[in-house]
Amino acid sequence: MKLTKKSLVTGALIILFTMGVFIAGCAPQQSGSTDGSSDKGATGSGKSDADTPAVVVEWSPTVNCATCHETEESSLTNTKSAAGIHKTEGLECMDCHDDQAGLAKVHEKVEAGQATSKTLKKTKVKTETCTASGCHDNDAERIAATATFTGLTDTNGTTKNPHDLPQGDGHKSLSCSTCHQGHKTFVAEEVIDECYTCHHAQVFECGTCH
Ligand code: HEC
Ligand code: HEC
Ligand code: HEC
Ligand code: HEC
Ligand code: HEC
């Protein structure tokens, strides 16, 4: 969460490692996102102009993320998104995206104007980041907060508390961000769709049919 000496050194190494470095803070997505669309500037921004040489942009945890990640930046004003809620608490990108080594690697060869990610592919926002001390470290409180939530009711009428799910192997891949996606409006009613990606018969019980 905090800027460590190590991270600064890592950042410096990345800078040395990449060729053709220039000062970040330029506006790499000027072309290709002029329509203000929310498709993360993917359209047409993946290529540089034919006669402009590709420019590798230096990355460090303190670089201005907004110059490239417009979509995620604009979600900070959406208080129905996790990022927006946390912004009001004074948290920034790197507080949630705390895998600095992973991010340094992801950005190693990033070029100005390159299309940004639509999903997290190489890094994660782990449950442990959310439940770190001083953050969401009280399980009982969280379970109590959603004790009367009825959005997770299957077609048999079985209701489950989203913060108190069975801890079997089948749920190993679930994390806070499975339901609380970072940059989208959180719609509690849609959470059950996640369940049904596995509970395909729209009942939470397993082993009753096969
Ligand atoms: C110069 C443009 C640029 C800047 C500045 C930048 N990024 Fe990125 N970022 C990218 C691109 C391009 C990708 C996609 C790389 C890929 O898919 O190989 C990316 C990918 C990511 C991802 C997805 C990682 C994954 O798991 O796939 C995250 C998270 C991210 N950036 C966070 C940040 C944060 C936080 C900052 C500011 C500290 C930042 N970026 C600054 C261009 C940038
Ligand atoms: C509240 C924690 C939080 C904050 C603050 C936050 N993110 Fe995220 N971000 C997430 C989560 C969680 C995901 C994964 C969403 C998913 O799995 O669908 C994500 C996904 C992403 C992705 C992948 C594409 C996408 O939109 O899903 C990028 C890129 C990214 N974040 C960049 C940023 C940048 C840049 C900032 C600061 C402007 C930022 N994030 C602030 C939690 C956060
Ligand atoms: C990644 C797949 C996956 C997702 C997503 C998933 N489950 Fe499950 N769930 C399983 C599997 C597999 C089992 C069988 C037991 C085990 O291996 O954990 C299970 C077991 C259960 C059980 C216990 C069933 C029994 O027979 O006692 C309940 C209740 C349950 N899930 C509810 C949910 C709810 C509610 C959600 C959505 C928030 C959800 N699950 C999302 C895979 C999943
Ligand atoms: C299975 C989906 C799911 C998972 C996984 C999940 N949540 Fe939630 N969470 C919800 C839902 C649904 C609500 C909203 C309930 C409502 O609207 O009343 C919620 C509400 C919250 C709230 C607001 C509670 C309040 O006081 O109003 C917080 C904070 C929260 N979750 C944090 C977390 C954290 C931290 C994790 C991971 C440790 C997590 N959640 C995992 C579904 C989930
Ligand atoms: C209400 C009954 C029912 C429940 C509960 C149920 N299934 Fe199924 N499942 C079926 C039926 C019926 C099929 C066969 C569908 C077909 O062949 O088109 C099937 C097929 C499957 C298949 C595909 C098998 C194959 O050979 O292609 C998988 C995987 C599967 N189920 C996983 C699960 C998991 C995991 C759970 C618990 C999370 C679960 N099912 C709960 C009824 C159920």
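As the structure is a prediction and not an experimental result, all values here were calculated from the model.

### Describing the overall build of the protein
Phase 1 of the analysis: The number of helices and strands found in the protein is nine helices and zero strands.
Phase 2 of the analysis: In sequence order, the secondary structure elements of the protein are arranged as α-α-α-α-α-α-α-α-α.
Phase 3 of the analysis: In the protein, of all internal contacts separated by at least 6 residues, the share reaching a separation of at least 24 is 68%.

### Topic: the site of ligand 1
Phase 1 of the analysis: Taken together, 25 residues lie near ligand 1, and Val 57, Cys 65, Cys 68, Cys 93 and Thr 123 sit nearest.
Phase 2 of the analysis: Where the shell around ligand 1 is concerned, the elements lending two or more residues are helix 4 (93–96) and helix 5 (100–106).
Phase 3 of the analysis: Residue composition of the shell around ligand 1, grouped by class: 15 nonpolar, eight polar and two charged.

### What to know about unusual backbone geometry
Phase 1 of the analysis: A positive phi is found at Gln 202, a non-glycine position, where the angle reads about 65 degrees.
Phase 2 of the analysis: Turning to its location among the elements, Gln 202 is positioned in the segment after helix 9 (191–196).

### A word on the environment of Lys 184
Phase 1 of the analysis: If you trace the backbone, Lys 184 turns up in the loop between helix 8 (176–179) and helix 9.
Phase 2 of the analysis: Under the C-beta neighbour-count criterion, Lys 184 is labelled partly exposed, with 15 such atoms within 10 Å.
Phase 3 of the analysis: When the C-alpha positions of Lys 184 and Lys 80 are compared, they lie 7.5 Å apart, and in sequence the two are 104 residues distant.

### Points about the environment of Asp 193
Phase 1 of the analysis: Take Asp 193: it is sitting in helix 9.
Phase 2 of the analysis: Here the alpha-carbon distance between Asp 193 and Cys 179, two residues 14 residues apart in the chain, equals 9.8 Å.

Basis of the calculations
- Residues numbered from 1 in each chain as written.
- Chains lettered and ligands numbered in written order.
- Predicted model: local features only at pLDDT ≥ 70, side-chain atom pairs only at ≥ 80, totals over all residues.
- Helix = DSSP H or I, 4+ residues; strand = E, 2+ residues; numbered from the N terminus.
- Contact = placed C-beta atoms within 7 Å.
- Near = placed C-beta within 6 Å.
- Nonpolar A, V, L, I, M, F, W, Y, C, P; charged D, E, K, R; others polar.
- Buried ≥ 20, exposed ≤ 12 C-beta atoms within 10 Å, placed from the backbone.

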